[in-house]
Amino acid sequence: LTLPVRTLFPGVRMTPFEVRGRSDFGLDEERYTFLFTFHMVSVMERKNPLGLIRAFKAAFGKDDKVSLVLKTSFGDRHPAELQKLRDAAVGADIKIIDQVFSPDEVLSLMHACDAYVSLHRSEGLGLTMAEAMLMGKPVIATNFSGNVDFMDDSNSLLVPYELVKLGKPIPPYDADLKWAEPSVEHAARLMRRLYDDQAWGRDLGARA
């Protein structure tokens, strides 16, 4: 066209929420806490919490005062996937919350944690990452899909990936479709750095 064409991205605004402490969610106030939230109905393989668990276990040992919280919901509709999640979490300080929260409670939980991590294989907007950034949290995320519209190396910690075929049908996705496989090793190094240099992480969150 002879006229200029511009893409207008959706805006994200933080709604008011009640500030709660970690103890309100059964979490340890003294431990550095990473968070990831997702719905089971959004396809667990796409959200990739198992990759996040592997990264967390690679980054930290039992002597590190650090926790990972996985907030999900509708596990009763996907019992096999929920069991995979619980099995993978064994042996580390990983808390799985399978419960429907109100929007206020979800934001309150996010506010109570120190950092947000998403090792997704694909995303739409990436709303939870945007919300965490609006709260001033450091965010680690796969450098792929909708979230890179607002995340870059100046305001986030982006994880490299390989584009891979699914290899099998994962409804509603066909076997021949491609999505990202983020680097677990790189994600582990970023999580470790946030834990080891928390002041640096807070500065990154402020830029976000």
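### Overview of a nonpolar patch on the surface
Moving on, step 1. Among the surface-exposed residues, L1, L3 and V5 lie close enough to one another that they form a single nonpolar patch of about 430 Å² accessible area.
Moving on, step 2. Tracing the chain through its elements places V5 in the segment before β1 (32-37).
Moving on, step 3. For V5, a relative accessible area of 69% translates into the label exposed.

### Concerning a negative patch on the surface
Moving on, step 1. The grouping of D24, D28, E29 and E30 at the surface amounts to a negative patch.
Moving on, step 2. Assignment of secondary structure puts D24 in the segment before β1.

### As for the packing of aromatic side chains
Moving on, step 1. Evaluated as defined, the whole model comprises ten aromatic pairs.
Moving on, step 2. A ring pair is formed by F25 and F101, whose centres lie 5.9 Å apart and whose planes are at 35°; its orientation type is tilted. Separated by 76 residues along the polypeptide, F25 in the segment before β1 and F101 in the loop between β3 (94-98) and α4 (103-112) bring together distant segments of the chain.
Moving on, step 3. By relative accessible area, which is 11% here, F25 ends up buried.
Moving on, step 4. Ring plane angle 75° and centroid distance 6.2 Å describe the contact between Y32 and Y195, whose orientation is recorded as edge-to-face. With Y32 in strand β1 and Y195 in helix α6 (residues 184-196), this pair connects stretches of sequence that are 163 residues apart. Accessibility assignment for this pair places Y32 and Y195 in one class, buried.
Moving on, step 5. Every member of this aromatic cluster is reached through a ring pair, and the members are Y32, F34, F56, F60 and Y195.
Moving on, step 6. Geometry around F101 places K71 over its ring, the cationic atom sitting 4.8 Å from the centre.

### Section: the pattern of salt bridges
Moving on, step 1. As enumerated under the stated definition, the model contains eight salt bridges in all.
Moving on, step 2. For K47, the salt bridge identified is with E123, shortest N-O distance 2.7 Å. Remark: E123 occurs in the loop between β4 (115-118) and α5 (127-134) and K47 occurs in helix α1 (residues 44-47); sequence separation between them is 76 residues.
Moving on, step 3. Residue E123 is classed as buried on the basis of its relative accessible area, which comes to 16%.
Moving on, step 4. For D196, the salt bridge goes to R192, with nearest N and O atoms at 3.1 Å.

What counts and what doesn't
Residues numbered from 1 in each chain as written. Predicted model: local features only at pLDDT ≥ 70, side-chain atom pairs only at ≥ 80, totals over all residues. Heavy atoms only, no water. Patch = residues over 30% accessible without salt bridge, like charges linked within 9 Å, V, L, I, M, F, W, Y side chains within 5 Å. Areas by Shrake-Rupley, 256 points an atom, 1.4 Å probe, with all protein chains shown as cover. Salt bridge = Lys/Arg side-chain N within 4 Å of Asp/Glu carboxyl O. Helix = DSSP H or I, 4+ residues; strand = E, 2+ residues; numbered from the N terminus. Buried < 20%, exposed > 50% of the residue type's maximum accessible area, 1.4 Å probe, protein only. Lys, Arg positive; Asp, Glu negative; His and termini not counted. Charge placed at Lys NZ, Arg CZ, Asp CG, Glu CD. Phe/Tyr/Trp six-rings, centres within 6.5 Å; stacked < 30°, edge-to-face > 60°. Lys NZ or Arg CZ within 6 Å of the ring centre and 35° of its normal.

Just distances and angles here, no functional claims.
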